[in-house]
Amino acid sequence: MLEIKNLHVKLEEEDKQILKGVTLSIGAGEVHAIMGPNGSGKSTLSYVLSGRDGYSVTDGSATLDGADLLAMEPEVRAAQGLFLAFQYPVEIPGVGNMTFLRTALNAQRKTRGEPEISAGDFLKLVREKAKALKIDADMLKRPVNVGFSGGEKKRNEILQMAMLEPKMCILDETDSGLDVDAMKLVSEGVNALRSAGRSFLVITHYQRLLDHIKPDVVHIMAAGRIIKTGGPELALEVENNGYADLLAEVQ
Amino acid sequence: MGAASVKAEALATRLGGLALPDGMTAARETALARLSAMGLPGKRDEYWHYTDPSALNAVQSKPAAVSDNGAALFSGMDAVKLVFVDGVFDAAASDDLTLSGVSLGCLATAPAGHWAQTAYGALESAGQNPIARPWAAFNTAFASDGLLIHVTGKAAKPVSVTYLRRYDAANVVLHHVIKLDAGAEFTFLEQGPAAARLNHVIEIDLAEGARFHHIRAQGRDLGRHAVTHIFAHLGAEALFKSFTLTADGALTRNEAVITFAGPDAKAHVAGAAMGDGAFHHDDTVFVTHAAERCESRQVFKKVLKHGAVGVFQGKILVKKGAQKTDGYQISQALLLDDDSQFLAKPELEIYADDVKCSHGSTSGAIDDTALFYLRSRGVPLRAAQSLLILAFLADTIAEIEDEAIAEDIRAQLETWLARHES
Ligand SMILES: Nc1ncnc2c1ncn2[C@@H]1O[C@H](COP(=O)(O)OP(=O)(O)O)[C@@H](O)[C@H]1O
Ligand SMILES: [Mg+2]
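Quick look at the structure, then.

## Considering the site of ligand 1
All names here are of chain A.
Thinking step 1. With respect to spatial proximity, 13 residues lie near ligand 1, and among them Ile18, Gly39, Lys42, Ser43 and Thr44 are the closest.
Thinking step 2. Contact between ligand 1 and Lys42: an oxygen atom at 2.9 Å from a main-chain N or O atom of the residue.
Thinking step 3. The separation between an oxygen atom of ligand 1 and a polar main-chain atom of Ser43 is 2.8 Å.
Thinking step 4. In the complex, 64% of the free accessible area of ligand 1, which totals 560 Å², lies under the protein chains.
Thinking step 5. It is helix H1 (residues 42-50) that provides the largest number of residues to the shell around ligand 1, a total of three residues.
Thinking step 6. Within the shell around ligand 1, the residues separate by chemical class into four nonpolar, six polar and three charged.

Following this line, the structure appears as structure tokens:
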């Protein structure tokens, strides 16, 4: 599904190398987790994959089902099935959440040459998905993320994911700022989407999210590199011993 | 030569050959006297610091091609539809001048003894203090036509006016007088490319508890030069709401002069303007709170690209004794490139101690983070930009109470954005 090879990324504005050769292969239906200390480049990886400005790829490649992801505009990547749940979801005053969801859904359909969803079908769909995430009608009406609590913003990200049905989902610290109940809701939302054709890259700082969303593979990232890859037990090791041992091990 | 004589000279040149039209003679003559005392505005005038009046002052108007009028607005609305062509009422193209709760007439054909005889020019004249507005006095003196609307009750439907023009160089002076009796309700809609050079005045007198809604769309003609004035006088508990959409136009100066004369009244003025290239758009607002517990809101937003210029001059004057005044003013510009600019001069002048007044003015580019967020959800760049531009203007459209009208305005904005994508 997602193949990242030897990815080197630096900032466009300053001469600062952030990713220093990331290699990662996620097969269809797999759930991978990336853990790592703050500042190790996890968010940068997610932004580069989804096409944010400000970074330049100096070496390496990233493909989604064989197609060169890095050559596509962000909207094309989305239409091809890539989705990023933002670490810091963006507030858009003046754009209603519903309008946002419908515009996004129809734009993706259009790019893929599919017909627009009817207003009635859309409403039914959004109500059903919102209900599962305990997102009320008021939150749907309000401008995108404006005045939402931290937890509401994260649930709203998962709602977008559920509506857009991407095949490659990247979740960047979706657990941060969530209380236990919200974490359960979000995890259930994610788990409901797990299927043979859909893959996940779950970026997290803590192991606790991985109790709910069980990964197949766990990667540890530090200073712009994947320094270790293992099974779910690797997350427990981090939980118990912190990153210090792992970092020492590679040095 | 002193500044005063320069102005007098400019006025004499501008007026050369112009004769006062028939009717409203007394009002026209006193307006001309006012105008003569003021002279024409000059670049040195502080009130015209950001907007060069020379195209208005010139004897000849510059031709401005009548561009595609675009889709008609408010077409689905049940309204009395009236048409003016080159500044003259076109009875044949208009609905009958009959509307329950309203007496409708025309300036050009008003008989002697008409009710508007005393109203015509009265609010314009009162609005000349403390700041002179020569083009408004010019208008009262030389207006060729306009509507005289007296609303005695709840108007059965809105009056919807469409302005058309036949000549590329049409030079039009229009003057409407609108008077609402106590408790009366009325909605007034305007659209269309009125003139290559337009001078437009509306005087609106609202008695106690009257409710007035005004929505206008200044048409899509690129070379237009326009100066407009709204003079509104609000009695106790009156409601005044005015929204203006401006798309294109070489020069537009929209002035609104609003006076609260009775307590507990509300006045909201809003404007959304979009310009691409040779576009200079000036919103100049003067709100006087002379009564207690009134609420004023000014919400003005401009979208500017390719060197377009936006101006906002907004003043809230709170007189002594106008306690519990609630005054709010916001002016913002979205600059779509580095060539465009926004000049704002917000002013508060307050002589009462128990008031709540605030103002804010900002200009900036489209938020890159929001743009990326939308694109990451699959919305293509252009569509994402349009969505954010509409979102930026949303506060102004929110001032329109009728959802069908708001939807029409939104559609007009979208059409404009689609035409001006690059
Ligand atoms: N736009 C940027 N400007 C400056 N520094 C940046 C920018 N983006 C990322 N960085 C730096 O790159 C490193 C990695 O950041 P990030 O990818 O956010 O890490 P993580 O998500 O793992 O905490 C940090 O040192 C951060 O300060
Ligand atoms: Mg991060």
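## Observations regarding the interface of chain A and chain B
Thinking step 1. Counting residues at the interface gives 29 residues for chain A and 16 residues for chain B.
Thinking step 2. For the pair chain A and chain B, the two sides together bury roughly 1800 Å², of which 69% comes from carbon and sulfur.
Thinking step 3. Inspection of the chain A/chain B interface yields three salt bridges.
Thinking step 4. For the pair chain A and chain B, the interface holds ten residue pairs in polar contact (both at pLDDT 80 or more).
Thinking step 5. Contributing elements (two or more residues each) for the side of chain A that touches chain B: H1, helix H2 (74-79), strand S6 (82-85), strand S7 (92-96), helix H3 (97-111) and helix H6 (150-164) of chain A.
Thinking step 6. Ranked by the residues each element gives to the side of chain A that touches chain B, the list is headed by H3 of chain A, at five residues.
Thinking step 7. Grouping the constituent residues of the side of chain A that touches chain B by class yields 18 nonpolar, seven polar and four charged.

## Examining the pairing of strand S15 (residues 280-289) of chain B
Residue and element names in this part refer to chain B.
Thinking step 1. Most of S15 sits out of view: ten of its ten residues are buried.
Thinking step 2. Going residue by residue along S15, you find His280, Asp282, Thr284, Phe286 and Thr288 tucked away on one face and His281, Asp283, Val285, Val287 and His289 tucked away on the opposite face as well.
Thinking step 3. Bridging between strand S13 (residues 251-260) and S15 involves ten bridges; their strand directions are parallel. Across the sheet, residue Arg253 finds its bridge partner in S15, namely Asp282.
Thinking step 4. Taken together, the ten bridges between S15 and strand S17 (residues 309-318) define a ladder with parallel strand orientation. Within S17, the position partnered with His289 by the bridge is Val318.

## Comments concerning the environment of Arg14 of chain B
All names here are of chain B.
Thinking step 1. Tracing the backbone shows Arg14 in helix H1 (residues 3-15).
Thinking step 2. On the accessibility criterion, Arg14 (8% relative accessible area) is buried.
Thinking step 3. Beyond its immediate stretch of four places on either side in the chain, Arg14 contacts Leu40, Leu56, Asn57, Ala58, Val59, Trp135, Phe138 and Arg197.

## A look at the packing of H3 of chain A against H6 of chain A
Residue and element names in this part refer to chain A.
Thinking step 1. Put simply, H3 and H6 touch, their axes get as near as 10 Å, and they point 35° apart. Between H3 and H6 lies a crossing whose hand is right-handed. Contact with H3, carried on its side by Asn97, Phe100, Leu101, Ala104, Leu105 and Gln108, involves Asn156, Leu159, Gln160, Met163 and Leu164 of H6 and no other residues of that element.
Thinking step 2. When its residues are assigned to classes, the contact of H3 with H6 shows seven nonpolar, four polar and no charged.

## Focus: the packing of aromatic side chains
Thinking step 1. Evaluated as defined, the whole model comprises 14 aromatic pairs over all chains.
Thinking step 2. Seen from their ring centres, Trp135 of chain B and Phe138 of chain B are 5.1 Å apart, and the 65° between their planes marks the pair as edge-to-face. With Trp135 of chain B and Phe138 of chain B both in helix H6 (residues 134-142) and three residues apart, the pair spans about one turn of that helix.
Thinking step 3. What makes Phe138 of chain B buried here is its relative accessible area of 2%.
Thinking step 4. Taken together, the aromatic side chains of Tyr47, Tyr55, Phe86 and Phe100 of chain A together with Phe372 and Tyr373 of chain B make up a single cluster linked through ring pairs.
Thinking step 5. In this structure, Arg102 of chain A packs its charged tip against the face of Phe122 of chain A, placed 5.9 Å from the ring centre.
Thinking step 6. In this structure, Arg253 of chain B packs its charged tip against the face of Trp48 of chain B, placed 3.8 Å from the ring centre.

## Brief notes about the coordination of the magnesium ion (ligand 2)
All names here are of chain A.
Thinking step 1. Protein-derived ligands of the magnesium ion (ligand 2) are Ser43 (OG) and Gln87 (OE1), with the metal-ligand distances lying across 2.1 to 2.3 Å. Remark: Gln87 occurs in the loop between S6 and S7 and Ser43 occurs in helix H1; sequence separation between them is 44 residues. Neither Ser43 nor Gln87 differs from the other in exposure class; each is buried.

## So, a negative patch on the surface
Thinking step 1. A grouping of Glu12, Glu13, Glu14, Asp15 and Asp53 of chain A together with Asp367 and Asp368 of chain B is seen on the molecular surface, where their side chains present a negatively charged patch.
Thinking step 2. Turning to its location among the elements, Glu14 of chain A is positioned in the loop between strand S1 (2-11) and strand S2 (17-26).
Thinking step 3. Owing to a relative accessible area of 47%, Glu14 of chain A belongs among the partly exposed residues under this scheme.

## Brief notes about the sheet that holds strand S12 (residues 225-230) of chain A
Residues and elements named next belong to chain A.
Thinking step 1. The strand order S6-S9-S10-S3-S11-S12 describes an open sheet built from six strands, whose pairing is mixed. The outermost strands of the open sheet, each flanked by one partner alone, are S6 and S12. The mean angle between the axes of side-by-side strands here comes to 20°, regardless of whether they run parallel or antiparallel.
Thinking step 2. Pairing analysis gives four bridges linking strand S3 (residues 31-35) to strand S11 (residues 217-222), with the strands arranged parallel. Paired with Ile34 across the two strands is His219, which belongs to S11.
Thinking step 3. Contacts between H1 and the sheet are confined to S3, S6, strand S9 (168-172), strand S10 (199-204) and S11, with S6 contributing the most and set at about 145° to the helix.
Thinking step 4. The strands touched by H6 within the sheet are S6, S9 and S10, with S6 carrying the most contacts at an inclination of about 165°.

## Some points on the pattern of salt bridges
Residue and element names in this part refer to chain B.
Thinking step 1. Applying the stated criterion across every chain, the model contains 29 salt bridges over all chains.
Thinking step 2. Glu399 serves as the salt-bridge partner of Lys241, at 3.7 Å between the closest nitrogen and oxygen. Taken together, the positions of Lys241 in strand S12 (residues 239-247) and Glu399 in the loop between helix H8 (381-397) and helix H9 (403-419) put the pair 158 residues apart, joining distant regions of the chain. Note on accessibility: Lys241 and Glu399 belong to one class, buried.
Thinking step 3. As a salt-bridge pair, Lys324 and Asp354 come within 2.8 Å of each other at their nearest N and O atoms. Here the residue Lys324 occupies a position in the loop between S17 and strand S18 (326-335), and Asp354 occupies one in the loop between strand S19 (341-350) and strand S20 (356-364), the gap between them amounting to 30 residues.
Thinking step 4. A network of salt bridges, in which partner residues are shared, links Arg133, Arg253, Glu255 and Asp282.

## A few points about the environment of Leu147 of chain B
All names here are of chain B.
Thinking step 1. Mapped onto the elements of the fold, Leu147 is located in strand S5 (residues 147-151).
Thinking step 2. Sequence-wise, Leu147 and Val161 are 14 residues apart; in three dimensions their C-alpha atoms are separated by 9.7 Å.
Thinking step 3. Apart from the residues within four sequence positions on either side, Leu147 is in contact with Leu82, Phe84, Gly105, Cys106, Val159, Val161, His175, His176, Val177 and Phe188.

## Quick look at the sheet that holds strand S16 (residues 295-305) of chain B
Residues and elements named next belong to chain B.
Thinking step 1. A sheet is described by the order of its strands in space; here ten strands give the open sequence S2-S1-S6-S8-S10-S12-S14-S16-S18-S20, paired in mixed fashion. Of all strands in the sheet, those bounded by a partner on one side alone are strand S2 (88-89) and S20.
Thinking step 2. As defined by bridge partners, S12 adjoins strand S14 (residues 266-276) across nine bridges and the pair is classed as parallel. In the sheet register, Ala247 faces S14, and the bridge partner there is Met274.
Thinking step 3. Against the sheet, H8 touches S12, S14, S16 and S18, its axis set at about 155° to S16.
Thinking step 4. Sheet strands touched by H9: strand S8 (185-192), strand S10 (211-218), S12, S14 and S16. Its angle to S12, the strand with the most contacts, is close to 20°.

About the thresholds
Residues numbered from 1 in each chain as written. Chains lettered and ligands numbered in written order. Predicted model: local features only at pLDDT ≥ 70, side-chain atom pairs only at ≥ 80, totals over all residues. Heavy atoms only, no water. Near = heavy atom within 4 Å. Polar contact = N/O pair within 3.5 Å; in protein donor to acceptor, adjacent residues only side chain to side chain. Areas by Shrake-Rupley, 256 points an atom, 1.4 Å probe, with all protein chains shown as cover. Helix = DSSP H or I, 4+ residues; strand = E, 2+ residues; numbered from the N terminus. Nonpolar A, V, L, I, M, F, W, Y, C, P; charged D, E, K, R; others polar. Contact = heavy atoms within 4.5 Å. Buried area = accessible area lost by both parts, 1.4 Å probe. Salt bridge = Lys/Arg side-chain N within 4 Å of Asp/Glu carboxyl O. Buried < 20%, exposed > 50% of the residue type's maximum accessible area, 1.4 Å probe, protein only. Pairing = 2+ DSSP bridges. Axes fitted to C-alpha atoms, helices over the stretch in contact; angles between N-to-C directions. Left-handed = near helix turned anticlockwise from the far one by under 90°. Phe/Tyr/Trp six-rings, centres within 6.5 Å; stacked < 30°, edge-to-face > 60°. Lys NZ or Arg CZ within 6 Å of the ring centre and 35° of its normal. Donors = N, O, S within 2.8 Å, 3.2 Å for Na, K, Ca; no water. Patch = residues over 30% accessible without salt bridge, like charges linked within 9 Å, V, L, I, M, F, W, Y side chains within 5 Å. Lys, Arg positive; Asp, Glu negative; His and termini not counted. Charge placed at Lys NZ, Arg CZ, Asp CG, Glu CD.

Keep in mind these numbers describe shape, not what the thing actually does.
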